[in-house]
Amino acid sequence: MLIVMGMRYEVIDHTADIGIVAYGSNLNALFSNAAAGMLSLMVKTDTLRHDVTKTISLEAGDSETLLVEWLNELLYIIYTEKLVLCRFDILIDKGQLMSRCAGQRLEMKSRRFIREIKAATYHNLEIVAKDGEYSARIIFDI
Amino acid sequence: MVRQGEMRRIDDYRWEIPQDYKSGMRVAGMVYADSTMLDAIREEQSLEQVANVAFLPGIVGRSLAMPDIHWGYGFPIGGVAATRISDGVVSPGGVGYDINCGVRLLRTNLNEDEVRPKIKELINHLFSNVPSGLGSEGKIRISQKEMDDVLASGAAWAVKKGYGNRQDLDVTEEQGCMEMADPDKVSDRAKKRGMPQLGSLGSGNHFLEVQVVREIYDQTAAAAMGITREGQVLMMIHTGSRGLGHQVCDDYLRLMGGAVRKYEIALPDRQLACAPVQSDEGRDYLAAMACAANYAWANRLCIAHWVRESFTKVFGKDIDELGLEQIYDVAHNIAKIEEHIVDGKMIRLCVHRKGATRAFPAGQKGVPDRYMSVGQPVLIPGDMGRCSFVAVGTERAMQETFGSTCHGAGRLQSRGAARKIMRGSDVANELAAKGIYVRTDSVESLAEEASYAYKDVTDVVGIAQGAGISRKIIMAAPLGVIKG
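Numbers given to residues run from 1 along each chain, matching the order in which its sequence is written. The lettering of chains begins at A and the numbering of ligands begins at 1, in the order of writing. Where totals are concerned, whole chains, interfaces and linings use all residues; where local detail is concerned, this predicted model gives features only for residues with pLDDT of at least 70, and gives and counts side-chain atom pairs only at 80 or more.

### Points about the pairing of strand β11 (residues 325–331) of chain B
All names here are of chain B.
Then, in step 1: Taking burial as the measure, the seven residues of β11 include six buried ones, the bulk of the element.
Then, in step 2: Where strand β7 (residues 102–111) and β11 come together, six bridges link them in antiparallel fashion. Directly across from Arg107, in β11, lies its bridge partner Glu325. Every C-beta atom is placed from the backbone, and the number of other C-beta atoms within 10 Å of a residue's own sets its class: buried at 20 or more, exposed at 12 or fewer, partly exposed in between. Under the scheme used here, helices are H or I runs from DSSP no shorter than 4 residues and strands are E runs no shorter than 2 residues, and both carry numbers assigned from the N terminus. Any two strands between which DSSP finds at least two bridges are classified as paired.

The following block contains the structure:
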């Protein structure tokens, strides 16, 4: 499944910081939409190319930790490799995440950046599954 | 939501959240606010967070909230919590992501009438000389080995490299170096993120500000800081440990998640994840946190060096003629091992200050010799359109708040709400009309940092003074600002 970003999340306001509520019909979609939501707060993604690919593998004891680690991994790659990954093909199974990702290298000085998001936090984080729909509220440190 | 009847008014500036407010609280909460500010605080969940912090094992006294309290994640911003070293915990969330985010203040011999005509030239020079903005990278290139030296020795590294002098260290909290730092406890990932950013301001609420002294409340204490008159020009630097601190916090939050299960600690919010101070996890975190704190002190000293360089270029005088001396440098996101009196006994505590400033009184160990008779300077920046304060710590702060007071104005509105009120360019025009020249890499983000997004720092400092936890010495207003 290849999910194109730009859908299925809402931005929420938080006094000190900023957050999103992401949705998805399964964990794979939820994680992809959460990443899209986070990136929408950071960078103008609509014209980004997908010419650099990268595979990310992560492991965690529970889905919430995996979600925070996934988002923080994307941030780490942005800050250390100057690579904004914005297309994801994610597979999550038994606490393991494997994602083939594609995106574009972008210098931090690029006008496409809107703001610096420094970390996804665990604050009140909970992945809720209801009527076949997953949702997660994530607050970012900026 | 903590409601009206659930808080007990102690006096005009103190409100208690009783220990029985929530099952699991080990101590009561205490909020420093007046009734007007309390109404604003009540609109968000920060009081609930004060109650949540009271769950931490080993917490003593009360879970404290300074008057600039606002909603954080886990801990409220403006939160202070002290835990026993013997059986208490340390929580990375009680320090925050930007470890040793703090403020450095320099004084000058210059007066407003000398600086105002050159303010654009000065701000433009500073803007090109000090790397700022989103993901900004410093001008300093260091090897991993040298990075370890920065992490171990902090501001002293910067002095060794010619970015400052011995006198700067004397007037820096911890003299710019926490000895418990151990670079081996900082991940390679964190080092990789921090190495290119050493000597940069960053973005968000970080700034450089040229200020002019508008009011002096205590001439003697001000004189000890080299402030002798209204109209005197000061220079304020606000930044922290950049990506390094964030990665250290993130790395250890993950580790603490496991520690919470291992030590069977019950918490109301995962962001409060913690481990006993006397455990491998706790000790390792403190050693890594100290490294990030040291990096931040080195960072602010490097920036101060370029600030001095810009002043000498623009005014054609050397540093001595300009009197560009450091007044003080304080951390406002940090955990410190300190000794305090609890129930009549002196005990060692881990004092978490998240968006709170150490405020030690005159005569207290840890206060620089220069300030021993007046108290430790407390640097309290306001928003870029109003003013900032320098205060000093008090004996009452030692007795009640583990020697802590407020750290700034505190946000009132979310960034999204602030953006809806005014555009960034209009904010810049409004500031220009007030005689404040602003430069930024991101005009859009100016709206997020506009005055109306913050509490009035004058009210915040007034409450801290009314409560007796700090005493204001001077007030200064901005002439020019670089917003990161």
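Having seen the model, we can carry on.
### Let's talk about the sheet that holds strand β2 (residues 14–17) of chain B
Residues and elements named next belong to chain B.
Then, in step 1: Spatially, seven strands are ordered β1-β2-β3-β4-β5-β13-β12 in an open sheet, and the strand pairing comes out mixed. Strand pairing shows two members of the sheet lacking a second neighbour, β1 (8–11) and β12 (333–342), which therefore form its edges. For this sheet, the mean angle separating the axes of adjacent strands, direction not counted, is 25°.
Then, in step 2: For strand β3 (residues 29–32) and strand β4 (residues 59–70), the ladder comprises three bridges, and the chain directions are parallel. Note that in β4 the partner of Val31 across the bridge is Ala65. The axes are straight lines fitted to the C-alpha atoms, using for helices just the contacting stretch, and the angles between their N-to-C directions are given from 0 to 180°.

### Focus: the nonpolar core
Then, in step 1: By definition, a nonpolar core groups buried Ala, Val, Leu, Ile, Met, Phe, Trp, Tyr and Cys residues that are joined through C-beta atoms within 7 Å. The biggest cluster of nonpolar side chains holds 216 residues, and the ones touching the most others in it are Ala34 and Leu71 of chain A together with Val31, Met289 and Val307 of chain B.
Then, in step 2: With 19 residues, the top contributor of residues to this core is helix α11 (residues 280–315) of chain B.
Then, in step 3: Here this core gathers at least three residues from each of two domains, domain 1 (4–94) and domain 2 (102–412 + 454–483) of chain B.
Then, in step 4: Contact partners of Val307 of chain B, with chain neighbours within four places excluded, come to Leu106, Leu126, Val130, Leu208, Met235 and Ile237 of chain B. The split into domains, and so the bounds of each, comes from an automatic or database assignment of domains. Each residue is represented by a C-beta atom placed from its backbone, and any two residues with such atoms within 7 Å are regarded as in contact.

### Observations concerning the confidence of the model for chain A
Parts of the model with low pLDDT should not have their predicted coordinates read in detail.
Then, in step 1: Across the chain, each position has a pLDDT score giving the predictor's confidence in that residue, from 0 to 100. When pLDDT is averaged across chain A, the result is 90; 94% of the residues are at 70 or more.
Then, in step 2: A low-confidence stretch, residues 1–6 of chain A (pLDDT under 50), is modelled with 14 contacts involving residues beyond four sequence positions or located in other chains.

### Considering the packing of helix α4 (residues 119–129) of chain B against α11 of chain B
All names here are of chain B.
Then, in step 1: As a packed pair, α4 and α11 sit with axes 9 Å apart at the nearest point and diverge in direction by 140°. It follows from the interaxial angle that α4 and α11 lie oblique. When the axes of α4 and α11 are compared, the crossing they make is right-handed. Residues Glu121, Leu122, His125, Leu126 and Asn129 of α4 touch α11, and the partners they reach there are Trp306, Val307, Glu309, Ser310, Lys313 and Val314. When describing relative orientation, an angle under 35 degrees is termed roughly parallel and one over 145 degrees roughly antiparallel, while 65 to 115 degrees is termed roughly perpendicular and anything else oblique. Take the far helix as the reference: if the near one is turned anticlockwise from it by less than a right angle, the crossing is left-handed, and if turned clockwise, right-handed.

### Regarding the interface of chain B and chain A
Then, in step 1: Taken together, the contacts link 29 residues of chain B with 25 residues of chain A.
Then, in step 2: At the level of elements, α8 (188–194), α10 (242–262) and α14 (415–421) of chain B are the ones that each hand at least two residues to the side of chain B that touches chain A.
Then, in step 3: Looking at the side of chain B that touches chain A, the element that brings in the most residues is α10 of chain B, giving five residues.

### Focus on unusual backbone geometry
Residues and elements named next belong to chain B.
Then, in step 1: Here the phi dihedral of Glu174 falls at roughly 60°; this positive angle occurs in a residue that is not glycine.
Then, in step 2: Along the chain, Glu174 turns up in the loop between α7 (166–170) and α8.
Then, in step 3: Residue class for Glu174 comes out buried when judged on the 22 C-beta atoms lying within 10 Å of it.
Then, in step 4: With a phi close to 50°, Glu264 is a non-glycine residue in the positive phi region.
Then, in step 5: Along the chain, Glu264 turns up in the loop between α10 and β10 (275–276).

### Here we look at the sheet that holds strand β5 (residues 96–105) of chain A
All names here are of chain A.
Then, in step 1: The strand order β3-β5-β4 describes an open sheet built from three strands, whose pairing is antiparallel. Among the strands making up the open sheet, the edge pair consists of β3 (52–59) and β4 (83–93). The mean inter-strand angle of the sheet, taken between neighbouring strand axes irrespective of direction, is 20°.
Then, in step 2: With ten bridges joining them, β4 and β5 adopt antiparallel strand pairing. By the bridge assignment, Asp89 is partnered in β5 with Arg100.
Then, in step 3: Sheet contacts for helix α2 (residues 63–81): β3, β4 and β5; angle to β4, the most-contacted strand, approximately 155°.

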